[in-house]
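# Topology and contacts: notes
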Amino acid sequence: QVQLMESGGGLVQPGGSLRLSCVASGSFFSINAMGWYRQAPGKQRELVAVIARDGSSTYTDSMKGRFTISRDSAKNTVSLQMNSLKPEDTAVYYCNAVVRLVVTSGLDRYWGQGIQVTVSS
């Protein structure tokens, strides 16, 4: 089983910053990609940012310039630095990882439980 442990959410004022972190643990051979998605009330889950094993990253256009994704492969960790936060960034943020399993050698996708980010004055 693979588990993703998220931390760093909370309440922040508009224009403020938060840093989300996610640590992967369990039985896997390697992590191919890790990223963050979010889901606001009444909305579909959407991509925030993803970083691949080679360090290349992809962002949703509205996040570019404000959010930065990074990873520490040695610690199986991905982080999302969120700056200049806006009320519309309020959502539950979910960590996501694509891993290569030890037992089957196949690829599988895992999700964290989600953490609340609220941007409000």
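Presented here is an overview of the structure given in this document. (Residues numbered from 1 in each chain as written. Predicted model: local features only at pLDDT ≥ 70, side-chain atom pairs only at ≥ 80, totals over all residues. Heavy atoms only, no water.)

### Some remarks on the pattern of salt bridges
Applying the stated criterion across every chain yields a total of 4 salt bridges. Ionic pairing is found between R38 and D89, a salt bridge with its closest N-O pair at 2.9 Å. Highlighted residues: R38 in strand β4 (residues 30-39) and D89 in the loop between β8 (77-82) and β9 (91-100), separated in sequence by 51 residues. Between R66 and D89 there is a salt bridge whose closest N-O contact spans 2.8 Å. Remark: D89 occurs in the loop between β8 and β9 and R66 occurs in the loop between β6 (57-59) and β7 (67-72); sequence separation between them is 23 residues. (Salt bridge = Lys/Arg side-chain N within 4 Å of Asp/Glu carboxyl O. Helix = DSSP H or I, 4+ residues; strand = E, 2+ residues; numbered from the N terminus.)

### Focus: the nonpolar core
Core analysis: the biggest nonpolar cluster contains 32 residues, and W36, L80, M82 and Y93 have the highest contact counts within it. Residue assignment for this core shows that the elements contributing at least two residues are β1 (2-7), β3 (18-26), β4, β5 (46-52), β7, β8, β9 and β11 (115-119). With 5 residues, β9 is the largest single contributor of residues to this core. (Core = buried A, V, L, I, M, F, W, Y, C linked by side-chain atoms within 4.5 Å. Buried < 20%, exposed > 50% of the residue type's maximum accessible area, 1.4 Å probe, protein only.)

### Quick word on the state of the cysteines
Covalently bonding the sulfur atom of one cysteine to the sulfur atom of another cysteine gives a disulfide. Under the defined criterion, the tally for this structure stands at 1 disulfide. Disulfide pairing is shown between C22 and C95; the S-S distance is 2.0 Å. What sets the handedness of the C22 and C95 disulfide is the S-S torsion sign, and at about -85° it is left-handed. Here the residue C22 occupies a position in strand β3, and C95 occupies one in strand β9, the gap between them amounting to 73 residues. (Disulfide = S-S within 2.5 Å.)

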